[in-house]
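Inside the fold
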Amino acid sequence: MSKAVYAGTFDPVTNGHLDIALRASKLFDDIIIAIAEDNNKQTLFTTDERCSLVRQVTKDLPNVKVDSFSGLLVDYCREKGVGFIIRGLRVVLDFEKELQMALMNRSLYDKVDTVFLMGEALYLFVSSSQVKDAAKLGGDISNLVPPPVAKALIDKFT
């Protein structure tokens, strides 16, 4: 049984994140979307809000579960018996950073491998930070995030 974790801040979850989760759910028996609690980022949404939003938008993926974690991702993987970390790549700069992270994770826990999935071309420019910036200024982000996330962003900024 193959088990993978797709970890991130997901502040907020975007259609690009969902694309990676959907494709990963076809590659692995079980996926845990693990939402980082302590990531040195100033988040707009609380951990509970991010978990709730991700649960709402992945409810139709039966082999995807949502959880939160703190500390090292590899420690979480060890605790949950996860053998794979899923990472989405958008641009070349992502690869450099992600490769370094994958090598560090492997050196800390040699029973975990990182699987890179290229983002769908439609979403290569989408980042949570840009979505938040656009939403804050009243931009139409309806094609960048699922409807519950768009509503939650509007609610935060009005």
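Reading the values: the criteria
- Residues numbered from 1 in each chain as written.
- Predicted model: local features only at pLDDT ≥ 70, side-chain atom pairs only at ≥ 80, totals over all residues.
- Heavy atoms only, no water.
- Helix = DSSP H or I, 4+ residues; strand = E, 2+ residues; numbered from the N terminus.
- Areas by Shrake-Rupley, 256 points an atom, 1.4 Å probe, with all protein chains shown as cover.
- Lys, Arg positive; Asp, Glu negative; His and termini not counted.
- Charge placed at Lys NZ, Arg CZ, Asp CG, Glu CD.
- Core = buried A, V, L, I, M, F, W, Y, C linked by side-chain atoms within 4.5 Å.
- Buried < 20%, exposed > 50% of the residue type's maximum accessible area, 1.4 Å probe, protein only.
- Contact = heavy atoms within 4.5 Å.
- Polar contact = N/O pair within 3.5 Å; in protein donor to acceptor, adjacent residues only side chain to side chain.
- Phe/Tyr/Trp six-rings, centres within 6.5 Å; stacked < 30°, edge-to-face > 60°.
- Axes fitted to C-alpha atoms, helices over the stretch in contact; angles between N-to-C directions.
- Parallel < 35°, antiparallel > 145°, perpendicular 65-115°, else oblique.
- Nonpolar A, V, L, I, M, F, W, Y, C, P; charged D, E, K, R; others polar.

1. Observations concerning the overall build of the protein
Counting its secondary structure elements, the protein contains 6 helices and 5 strands. Carbon and sulfur atoms make up 55% of the accessible area of the protein, which totals about 8,700 Å². For the protein, the centre of its 19 positive side-chain charges and the centre of its 21 negative side-chain charges are spaced 1 Å apart.

2. Looking at the nonpolar core
In terms of nonpolar packing, the biggest core is built from 33 residues, with Tyr 6, Ile 31, Ile 33, Ile 86 and Ile 141 touching the most fellow members. Those elements that place two or more of their residues in this core are strand S1 (3-8), helix H1 (15-27), strand S2 (30-36), helix H2 (47-58), strand S3 (64-69), helix H5 (128-136) and helix H6 (147-157). Beyond its immediate chain neighbours, meaning those up to four positions away, Ile 86 contacts Ala 4, Val 5, Tyr 6, Ala 7, Ile 20, Ala 24, Phe 28, Ile 31, Val 115 and Leu 117. If you look at the next biggest cluster of nonpolar residues, it comprises 14 residues, including Val 5, Ala 7, Ile 32 and Ile 85.

3. Observations regarding the environment of Thr 14
Within the secondary structure, Thr 14 is located in the loop between S1 and H1. It is 15 Å that separates the C-alpha atoms of Thr 14 and Val 66, two residues lying 52 residues apart in sequence. Beyond its immediate sequence surroundings of up to four residues, Thr 14 is in contact with Val 126, Ser 127, Ser 128, Val 131, Leu 144, Val 145 and Pro 146. One polar contact links the side chain of Thr 14 to the main-chain amide nitrogen of Gly 16, over a distance of 3.2 Å.

4. Side note on the environment of Ala 152
If you trace the backbone, Ala 152 turns up in helix H6. Between the alpha carbons of Ala 152 and Glu 49 there is a distance of 9.2 Å; along the sequence they are 103 residues apart. The contacts of Ala 152, once residues within four sequence positions are left out, are Phe 45 and Leu 53.

5. Here we look at the side chain of Arg 87
Inspection of the secondary structure puts Arg 87 in strand S4 (residues 84-89). The exposure class of Arg 87 is buried, given its relative accessible area of 18%. Beyond its immediate stretch of four places on either side in the chain, Arg 87 contacts Ala 7, Glu 98, Met 101, Thr 114, Val 115, Phe 116 and Leu 117.

6. Quick word on the packing of aromatic side chains
Across all of its chains, the model carries 4 aromatic pairs by this definition. Geometrically, the ring pair formed by Tyr 6 and Phe 10 is edge-to-face, given 5.2 Å between the ring centres and 85° between the ring planes. Taking the relative accessible area as the measure of exposure, Tyr 6 reaches 6% and is therefore buried. Given the relative accessible area of 4%, Phe 10 is considered buried.

7. Thoughts on the packing of H2 against H6
It is the contact of H2 with H6, at a shortest axis distance of 9 Å, that shows an interaxial angle of 150°. Judged on the interaxial angle alone, H6 and H2 are roughly antiparallel. Counting all contacts with H2, which are made through Glu 49, Leu 53, Gln 56 and Val 57, the residues of H6 involved are Pro 148, Val 149, Ala 152 and Lys 156. Tallied by class, the residues present in the contact of H2 with H6 amount to 5 nonpolar, 1 polar and 2 charged.

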